[in-house]
Amino acid sequence: MNLHEYQAKQLLAQYGVNVPSGKPCKTVEEARAAADEIFGAGHGKAVIKSQIHAGGRGKGTFKHGFQGGVKLVDSAEEAESIAKEMLGNVLVTKQTGEEGRQVNTILVASAEKIVKEYYLAVLLDRESSLPIVMASTEGGMDIEEVAEKSPDKIVKEPVDPFLGLEGWQARKIAAQLGFSGKLIGKAAKLLMGVYKTFWETDASLVEINPLCIVEGPDGSEDIAAVDAKIGIDDNALYRHKDIQEMRDLGEEAPLEIEASKFDLNYIKLDGNIACLVNGAGLAMATMDIIKHFGGNPANFLDVGGGASKEQVTAAFKIILSDPNVEGILVNIFGGIMDCNTIATGIVAAVKETGLTLPLVVRLEGNNVAAGRTTMGESGLTIITGESMAEAAEKVVKAVADAKSA
């Protein structure tokens, strides 16, 4: 589950991370009041940030022509004017696609005087199976670009999950980034707060880009998380009722929301051949092999290792809610899964939905003979495939034949 920037900053602040003062606003009136408060506190500038789950907001364009989803303002009056341009309007960025996202909330925050920008993230390193702190002096840039062009500028520090990020490690990272004097201690404190946020919220990623040295009105320097991104591991959300309440359904695709109600992992894609698979790895392989035979997958759909008849029926309904779908490939390997349960669910779903699209099913594994019998005796038009390759080839051909018929 992804969080908005303002939500991420709220969590970071709870763990002692210094973030610029600001408030989320859903109305123009709230934005004006928040800006009045910021300027009244002596800040020379404020920043208005559109809150959507997509990057590239600053360079984005609203569909009504207004340029930029992040704006600096010099007065409360200007903040009010900008809020009118953003709230309720659709922002298109490089990550939203042409459809864009409607901005329902903006963050009105103090605009810090930035001395230098850095990059900081905490995530799970798949190779070592350990949390890792990753930092760079190249803040404000995509970390992928830094990794490609200047890998030597990325600092990586693995963390023992039993001990957490220790003080000496935090100071080591701060020194590697070039902090000196009092800023080493401040940077170490912030690093430990960011790691604690990652660990205690069961996050999959905490990213601060940019992390900044900022200059206060009195000329003193501090370190602040000027932007923040947090993704939470869905499997751990049951432990965090407060974070669950931060979920913004308006930022999620309707079909993905519906799938989550049945504990199905669904992501809509742009193709026309729907996939229903058990296991994320098998689902990825299934999409690849559809492409290999010239087809285009319409979705990623993992029903998990123990799907019920009801879940399979729900999965079919979700698949058929996508108007682009012209054929369906079911690819099940029964380890824990009982193939006959899947077959029963398929038969029930086809009858309930009145499916007329080409359907290819490949079953293998636990109780597969019973599953094949269930489908064979159903009286339904179900094409079977003995192997994954055969099933993929058949569904691509069946969709092509249906188009030309």
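Keep in mind it's a predicted model, so treat the numbers as computed, not measured.

(A) Representation of the overall build of the protein within the structure. When its secondary structure is counted, the protein shows 13 helices and 19 strands. Summarising its shape, the C-alpha atoms of the protein cover approximately 80 × 50 × 40 Å along the three principal directions. When burial is assessed residue by residue, the protein has 47% of its 405 residues classed as buried. Here the contacts in the protein between residues at least 6 apart in sequence split such that 68% fall between residues at least 24 apart. In the structure as shown, the protein presents an accessible area of about 19200 Å², 50% of it carried by carbon and sulfur atoms. Within the protein, one finds 40 positive and 57 negative side-chain charges whose respective centroids are separated by 1 Å.

(B) Spatial organisation of the state of the cysteines. As enumerated under the stated definition, the model contains zero disulfides in all. No disulfide involves cysteine 339; its sulfur sits 18 Å from the nearest other cysteine sulfur, which is in cysteine 275.

(C) Expanded view of the packing of helix 2 (residues 28-40) against helix 3 (residues 76-86). Packing of helix 2 against helix 3 brings their axes to within 8 Å, and their N-to-C directions diverge by 150°. Classed by the angle they form, the pair helix 2 and helix 3 counts as roughly antiparallel. Handedness of the crossing formed by helix 2 with helix 3: right-handed. Along the contact surface, helix 2 presents Val28, Ala31, Arg32, Ala35, Asp36 and Phe39, while helix 3 presents Ala76, Glu77, Ala79, Glu80, Ala83 and Lys84. Tallied by class, the residues present in the contact of helix 2 with helix 3 amount to seven nonpolar, no polar and five charged.

(D) Spotlight on the pattern of salt bridges. Here the structure, examined in full by the defined rule, presents 22 salt bridges. Between arginine 57 and glutamate 5 there is a salt bridge, with the nearest N and O atoms lying 3.0 Å from each other. Taken as a pair, arginine 57 in the loop between strand 2 (46-50) and strand 3 (61-62) and glutamate 5 in helix 1 (residues 5-14) lie far apart in primary sequence, 52 residues in all. In this structure, arginine 57 and glutamate 5 share a single accessibility class: buried. Here aspartate 202 makes a salt bridge to arginine 239, at a shortest N to O gap of 3.1 Å. Residue aspartate 202 is located in the loop between helix 6 (182-200) and strand 11 (203-215), and its partner arginine 239 is located in the loop between strand 13 (229-232) and helix 7 (241-244); the two are separated by 37 residues in the primary sequence. Within this structure, Glu5, Lys9, Lys49, Arg57 and Asp227 form a network of salt bridges that share partners.

(E) View of the sheet that holds strand 6 (residues 101-102). On the basis of which strands lie adjacent, the open sheet formed by three strands has the order 3-5-6 and antiparallel pairing. Edge strands, defined here as strands with exactly one partner in the open sheet, are strand 3 and strand 6. Bridge analysis of strand 3 against strand 5 (residues 90-92) gives two bridges, and the strand direction is antiparallel. Bridge pairing in strand 5 links threonine 61 to valine 92.

So, how was this worked out
- Residues numbered from 1 in each chain as written.
- Predicted model: local features only at pLDDT ≥ 70, side-chain atom pairs only at ≥ 80, totals over all residues.
- Heavy atoms only, no water.
- Helix = DSSP H or I, 4+ residues; strand = E, 2+ residues; numbered from the N terminus.
- Buried < 20%, exposed > 50% of the residue type's maximum accessible area, 1.4 Å probe, protein only.
- Contact = heavy atoms within 4.5 Å.
- Areas by Shrake-Rupley, 256 points an atom, 1.4 Å probe, with all protein chains shown as cover.
- Lys, Arg positive; Asp, Glu negative; His and termini not counted.
- Charge placed at Lys NZ, Arg CZ, Asp CG, Glu CD.
- Disulfide = S-S within 2.5 Å.
- Axes fitted to C-alpha atoms, helices over the stretch in contact; angles between N-to-C directions.
- Parallel < 35°, antiparallel > 145°, perpendicular 65-115°, else oblique.
- Left-handed = near helix turned anticlockwise from the far one by under 90°.
- Nonpolar A, V, L, I, M, F, W, Y, C, P; charged D, E, K, R; others polar.
- Salt bridge = Lys/Arg side-chain N within 4 Å of Asp/Glu carboxyl O.
- Pairing = 2+ DSSP bridges.

It is worth stressing that arrangement in space is one thing and function is another; only the former is reported here.
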